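# Descriptive analysis of the structure
One letter stands for each residue in the lines below.
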Amino acid sequence: MGSLVKYILIFFISFLCFKNVLCQALDSIYLKDLDNRKFSQQEYLEKMDHWLAKEFSLGRTFSQEELTKRLKVYFEISNNSKELSLFKINYYINLANNAEYAKRNGESIYYLEKAEKEILRLYGEKSLIVSARKINVYLDNRNYQKVIQTYKHISPYLLSFPSLIKEKSINLNISVEYISILTPAIEAYVELRMIKEADSVYVLSEKIYRELKKNLPQDNLSAQYINFYQAKIRFLNSLNGKFLKSQALNALSEMKNVISNKLLISKQSSNDILGEYYLMTAKYYLLTRDTDSVKIYIDSIRNVPFLNEEQTYQANILSALLEAEEGNYRMAFNKMSQVAHSTDSLRSLVVEDIDNLVYAHTEVEVNRHLLTLAQRKARIHDFLIISLIIIFLAIIFIAVTISRNKEKASKKIIYQLNQEASLQISIMEERLEFARSEEKKKLAQDLHDSFASKIAGLKNLITIFNNKEITDEQKDDIHRVMIQVSDELYDEARKQSHNLYSENHFNDEDLYINNLMKLVKNALPKSKYFTEIGIDKGALNNISLHIRIQIIYILQEILTNIIKHSSATKVQITVYQENRLLNISIEDNGIGFNINKIENKGLGFISIQNRLEPLSGTFSISSDTKGTSISIIIPS
């Protein structure tokens, strides 16, 4: 009867509270009820695992302190019972999963390392859960080189999995971890179009899966997840090089069968892979140009409960690509720009640095908790002070390290910029010198072949014209020829003058633009800057080699200032021609500077002025806390 009253009260509360408050109240009652009811120890641990899995599937997470309190009994049971020591691994994995879903990667890796140590202690075998977590963090941040680096480090161990599984020399719980490494590895290789490497990952995954399926019972969640992600690997392999439509369809069918599995539905565990299936299906229909189906599956993606950040990002990319496929290029450009702006180009670096702090903080907090239990009545005050000092020093150390690393990175980028600029300028100066030399040779040859003969002929005509013995009619004919020869000499002189004037022009505008873009992209890498470059077709077509060389010098100076001083994350460069004036605009979103204090005193402004003066060029600067804008105008 008491229980009935209690549950009626819960039902009444649901009409008075918001959904999240109600859920917290229900969870609290459920946990108290769980603690008060009589279960065996193993039943209690299994019930707690089930409760946590349900919470995570609903998108709920906890602070590290709150969850360790809720799992206090769980930890004590698993820590004090040899028969249930396997659950101690689950204890750390639960804490790691909670941190992962809350986007606290450093804390997640900390607890996974704890779980790995327990696995090594229990089974005497190396686990891959820490590497799997790290490689997936790198993949989420699209740091494909880090994904490949992590995979290559682990691959010798993974290569032994087929024989270890066949000989039953490896624990099945460890062997299934291969999927968490090989899935992001093949995705990275496919994204980078490294066909051979992606194929080798696919072949290895099939070998492991073939042996594992012989030994792994199919009546558990782990087996279903392996089936799903192995199908995903097959789908990704179908995109490797030439698109294999039939392979992609088979892989999607396998993924759908897993999602429809009664075991996943009964455990309410399909939401986390449903988004993956919709994404892969939408990609397939985009490749086959079935735009209506793409729209349907993009909508399905967005309707998945608790869609994670990476899946949202991929859905937005697909939406932009769909607009392009339908010919809505402006809309596609706007959507892709929104995606680009919403993704911080420095995210990987920032996440990694923050995670180091979170990791250190978690380790200090856990150690502090253990020490407090042992010495609650003594030294607690001193330990808190020491902990704060350690954290403070750690923060200072990390801040100094980050600052030094940024300075080193800036110096390296500037060095590469100078090297690239010097190389391009040297090539163009050689070309200019060669053009001048060739034009001089041609002029000398023309003077010898054309001018000399025509002048000699004209001289001879003048001599004949002055002969008193010739008739007036002959004089008229000679006069007409003299005028004709004079006109030819005049036209030839104008032609040679024009050639000399334009000797340092060349028409390979595309090559010069490509070199300019290469210079900018090397100076402003994608990992640190979002760069937009717009150069109008024909804007540089009639610009002399000499002016082009000066433009590279000026651009080199401005980019150096941006790298060293601006702290910018976005740079926009525009080049166009208007009223026979070449306009160059460079804008950034950096911290800006006080022009009155800086102008004519540094930052290369004097150098830029000196280069523009002989070209009759001008430049202007505007700067505030939102960024800096530089405008350069050169007569063309």
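Use the structure listed above.
Since the structure is predicted, the reported quantities are computational estimates derived from the model, not experimental observations. (Residues numbered from 1 in each chain as written. Predicted model: local features only at pLDDT ≥ 70, side-chain atom pairs only at ≥ 80, totals over all residues. Heavy atoms only, no water.)

## As for the packing of aromatic side chains
Aromatic ring pairs: the centre-centre distance and the angle between the two ring planes describe each pair. Put simply, the rule reads: For Phe, Tyr and Trp, rings pair up if their centres lie within 6.5 Å, where Trp contributes its six-membered ring, and each pair is then called stacked (planes under 30 degrees apart), edge-to-face (over 60) or tilted (otherwise). Comment: elements are numbered from the N terminus, with helices defined as DSSP H or I runs of at least four residues and strands as E runs of at least two. Throughout, exposure labels follow a simple rule: accessible area from a 1.4 Å probe, protein chains only, divided by the maximum for the residue type, with under 20% read as buried, over 50% as exposed, and the rest as partly exposed.
Within the structure shown, the criterion is met by 16 aromatic pairs. Here W51 and F62 contribute two aromatic rings whose centre-to-centre distance is 5.8 Å and whose plane-to-plane angle is 40°, an arrangement assigned as tilted. Placement of the pair is W51 in helix α3 (residues 41-57) and F62 in the loop between α3 and α4 (64-70), with a sequence separation of 11 residues. Like W51, the residue F62 is buried in the burial classification.

## Structural notes on the pairing of strand β5 (residues 627-635)
What counts is decided by this rule: At least two DSSP bridges between two strands are required for those strands to pair.
Note that strand β3 (residues 581-588) and β5 share 8 bridges and pair antiparallel. From the neighbouring strand, L582 faces β5, where its bridge partner is I634. Pairing of strand β4 (residues 618-624) with β5, which is carried by 7 bridges, proceeds in the antiparallel orientation. The residue of β5 that forms the bridge with F619 is I632. The loop that links β4 with its antiparallel partner β5 comprises 2 residues.

## Focus: the side chain of E116
Short version of the rule: Lys and Arg are tallied as positive, Asp and Glu as negative. Neither His nor the chain termini are counted. Throughout this description, the term salt bridge denotes a Lys or Arg side-chain nitrogen within 4 Å of a carboxyl oxygen of Asp or Glu. Here a residue-residue contact requires only that any non-hydrogen atoms of the pair lie within 4.5 Å.
Here E116 is to be found in helix α7 (residues 105-123). Buried charge E116 goes without a salt bridge, the closest partner of opposite sign being K126 at 4.7 Å. Those residues within four positions of E116 in sequence are excluded, and the remaining contacts are S127, L128, I129, V130 and S131.

## What about the environment of E276?
We apply this condition: Identification of polar contacts relies on pairs of N or O atoms within 3.5 Å, with a donor-acceptor requirement for protein atoms, meaning one able to donate a hydrogen and the other able to accept it, and with residues adjacent in sequence counted only if both atoms are side-chain atoms.
With respect to the helices and strands, the residue E276 is situated in helix α17 (residues 271-287). When its relative accessible area of 14% is taken as the criterion, E276 is described as buried. When the C-alpha atoms of E276 and Q314 are compared, they prove to be 9.9 Å apart, with 38 residues separating the residues in sequence. A polar contact of 2.6 Å, which involves the side chain of E276, links it to the side chain of K232.

## Considerations on the pattern of salt bridges
According to the stated counting rule, one finds 12 salt bridges in the structure shown. A salt bridge links E65 to K69, with the shortest nitrogen-to-oxygen separation between them at 3.7 Å. One end of the pair is E65 and the other is K69, both in helix α4 and 4 residues apart, which spans about a single turn. K69 shares its class with E65; the two are exposed. Its salt-bridge partner being K232, residue E276 comes within 2.6 Å of it at the nearest N-O pair. Here E276 is found in helix α17, whereas its partner K232 is found in helix α14 (residues 221-238), with 44 residues between them in sequence. The exposure class of K232 is buried, given its relative accessible area of 5%.

## What about helix α15 (residues 245-259)?
The test is simple: Here the expected span of a helix is defined as 1.5 Å times the quantity of residues minus one. What the arc covers is the set of directions going from the helix axis to the C-beta atoms.
Over its 15 residues, α15 runs 21 Å from end to end, which matches the ideal 21 Å to within 8%, given 1.5 Å per residue. Within α15, the full set of buried residues consists of Q247, A248, A251, L252, M255, V258 and I259. Each buried residue of α15 sits inside an arc of 135° when the element is viewed along its axis, so together they form one side. Turned more than 90 degrees from where α15 packs its buried face, S246, N250 and N257 sit exposed.

## A word on empty space enclosed by the protein
Selection rule: Method remark: on a 1 Å grid restricted to protein atoms, a set of points is classed as a cavity if a 1.4 Å probe fits but cannot get out and as a pocket if it is open with protein on both sides within 12 Å along at least five of seven lines; lining residues have an atom within 4 Å of a point. Grid points are joined across faces, edges and corners, and a volume is the space filled by probe spheres set on the points. For this classification, Asp, Glu, Lys and Arg are treated as charged, while Ala, Val, Leu, Ile, Met, Phe, Trp, Tyr, Cys and Pro are nonpolar and the rest, including Gly, are polar.
Applying the stated rule across the entire model yields 3 cavities of 30 Å³ or more. There is about 110 Å³ of room inside the largest cavity. By residue class, the composition of the lining of the largest cavity is 14 nonpolar, no polar and no charged.

## What to know about the sheet that holds strand β2 (residues 570-578)
Paired through their backbone hydrogen bonds, the strands of a sheet run either parallel or antiparallel. Applied cut-off: A fitted line through C-alpha atoms serves as each axis, taken over the contacting stretch for helices, and the angle formed by two N-to-C directions is quoted from 0 to 180°.
Sheet architecture is open: 5 strands sit in the order β1-β2-β3-β5-β4, paired in mixed fashion. Either end of the sheet is taken by a strand with one partner, and the two such strands are β1 (530-535) and β4. Between one strand axis and the next, the sheet turns by 10° as a mean value, whatever way the strands run. As paired strands, β2 and β3 are joined by 8 bridges and run antiparallel to one another. Bridge pairing in β3 places T574 opposite S585. Running over the sheet, helix α27 (residues 605-612) touches β4 and β5 and is turned about 155° from β4.

## With respect to the packing of helix α6 (residues 86-101) against α7
The description of two helices packed together rests on the angle between their axes and the distance between the axes. Heads up, the rule is: Note on angle classes: values under 35 degrees are labelled roughly parallel, values over 145 roughly antiparallel, values of 65 to 115 roughly perpendicular, and the remainder oblique. By definition, turning the near helix anticlockwise from the far helix through less than a right angle yields a left-handed crossing, and turning it clockwise yields a right-handed one.
Put simply, α6 and α7 touch, their axes get as near as 8 Å, and they point 165° apart. As summarised for this structure, α6 and α7 are arranged roughly antiparallel, according to the angle between their axes. Relative to α7, α6 is oriented so that their crossing is left-handed. Here L86, K88, I89, Y92, I93, L95, A96, A99 and E100 of α6 come into contact with α7, specifically with E107, S108, Y111, L112, K114, A115, E118, I119, L122 and Y123. Considered class by class, the residues forming the contact of α6 with α7 number 13 nonpolar, 1 polar and 5 charged.

## Overview of the environment of I608
For I608, the position within the fold is in helix α27. Judged by its relative accessible area of 1%, I608 falls in the buried class. Taking C-alpha positions, I608 is 9.1 Å from Q550, a pair spaced 58 residues apart along the chain. Not counting the four nearest positions on each side in its chain, I608 is found in contact with I554, E557, I558 and F619.

## As for the nonpolar core
Heads up, the condition is: What we call a nonpolar core is a set of buried Ala, Val, Leu, Ile, Met, Phe, Trp, Tyr and Cys residues that are connected through their side-chain atoms within 4.5 Å.
Core analysis: the biggest nonpolar cluster contains 63 residues, and Y151, L158, Y178 and L182 have the highest contact counts within it. Sequence-distant contacts of L158, defined by excluding residues within four places in its chain, comprise L128, Y151, Y178, I181, L182, L204 and I208. Counting 38 residues, the second largest nonpolar core, distinct from the first, contains L516, L519, I558 and I584.

Shape descriptors only; they carry no functional weight alone.
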